[in-house]
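# Notes for the structure review
Residues per chain are reported as follows:
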Amino acid sequence: MSKSIKPVNAAKPADEKLTINLGYVDLGKIDLLVQEGFYANRSDLIRTAIRSHLASHADVVKQVVARKTLVLGIQHFSADELRAVQASGEALQIRVLGLASIALDVSPELALAAIDSVVVLGALHASPAVKAALSNRIR
């Protein structure tokens, strides 16, 4: 049987960094807009452009999130929560669009006992040992 834990309001973790390759002309246009004061810096323009593009697809994202029963946002799993799941004899199916975070004090053994599967569209923060233990359960 699978069990789901509700998202917890926790402090916002640091943003993920992305590396992109742009042509010189596009980069020059970005620099021009920054120089003219439309944006504070290159990152500001890129974040704004991405948010605008994602907003244009908001309905599709909502439909897919509902269909795939994904938690939208940040979901943190503490060692105590995972021990409670383990004690109940159930296992979690973690499905997150955003950030799934497994506490650093969670052992690989506890993670294996309490987590059946992990699907994260975004980022998974966990210790390297827990990620390695769950590697065949992460999709």
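Parameters at a glance
- Residues numbered from 1 in each chain as written.
- Predicted model: local features only at pLDDT ≥ 70, side-chain atom pairs only at ≥ 80, totals over all residues.
- Heavy atoms only, no water.
- Helix = DSSP H or I, 4+ residues; strand = E, 2+ residues; numbered from the N terminus.
- Expected span 1.5 Å × (residues − 1).
- Pairing = 2+ DSSP bridges.
- Right-handed = clockwise from strand over helix to strand, strands pointing away.
- Core = buried A, V, L, I, M, F, W, Y, C linked by side-chain atoms within 4.5 Å.
- Buried < 20%, exposed > 50% of the residue type's maximum accessible area, 1.4 Å probe, protein only.
- Contact = heavy atoms within 4.5 Å.
- Salt bridge = Lys/Arg side-chain N within 4 Å of Asp/Glu carboxyl O.
- pLDDT = per-residue confidence, 0-100.
- 1 Å grid on protein atoms, 1.4 Å probe; cavity = no way out; pocket = protein on both sides within 12 Å on 5 of 7 lines; lining within 4 Å.
- Points joined across faces, edges and corners; volume = space filled by probe spheres on them.
- Nonpolar A, V, L, I, M, F, W, Y, C, P; charged D, E, K, R; others polar.

Given a rise of 1.5 Å per residue, 12 residues ought to cover 16 Å, and the 16 Å separating the end C-alpha atoms of helix α1 (residues 24–35) matches this to within 8%. Remark: Gly 37 follows α1 within two positions and exhibits a positive phi of approximately 90°.

With that out of the way, let us pick up the pairing of strand β3 (residues 91–102). Pairing between strand β2 (residues 71–77) and β3: seven bridges, direction parallel. If you follow Gly 73 over to β3, its bridge partner there is Gly 98. Traced from β2 through helix α4 (residues 79–88) to β3, the parallel crossover comes out right-handed. Strand direction decides the pairing type here: β3 and strand β4 (residues 115–125), joined by 10 bridges, are parallel. Within β4, the residue paired with Gln 93 across the bridge is Ser 117. Where the polypeptide runs from β3 across helix α5 (residues 108–114) and back to β4, its parallel neighbour, the crossover connection is right-handed.

On to the nonpolar core. In this structure, Leu 82, Ile 94, Ile 102, Val 106 and Ile 115 are the most contacted members of the largest nonpolar core, which totals 22 residues. Where this core is concerned, the elements lending two or more residues are β2, α4, β3, α5 and β4. Take this core: its biggest share by element is five residues, from β3. Filtering out sequence-adjacent residues up to four positions away, Val 106 remains in contact with Phe 77, Ser 78, Ala 79, Leu 82, Ala 111 and Val 130.

Next up on the list: the pattern of salt bridges. For the structure on display, the rule yields two salt bridges. Residue Arg 83 pairs with Asp 80 through a salt bridge whose shortest N-O separation is 2.6 Å. Placement of the pair is Arg 83 and Asp 80 together in helix α4, with a separation of three residues, close to one helical turn. On the basis of relative accessibility, which here comes to 40%, the residue Arg 83 falls in the partly exposed class.

Here we take up the confidence of the model for the protein chain. Summary statistics for the protein chain give a mean pLDDT of 89 and a share of 90% for residues scoring 70 or more. The least confident element of the protein chain, judged by mean pLDDT, is strand β1 (residues 2–3) at 49; the most confident is helix α6 (residues 128–133) at 98.

Looking at the largest pocket, its volume works out to about 1,400 Å³. Forming the walls of the largest pocket are 27 residues, and the residues nearest its centre are Asp 15, Glu 16, Leu 18, Ile 50 and Leu 54. Secondary structure elements with two or more residues in the lining of the largest pocket: α2 (42–56), β2, β3 and β4. Among the residues forming the lining of the largest pocket, the class breakdown is 15 nonpolar, six polar and six charged.

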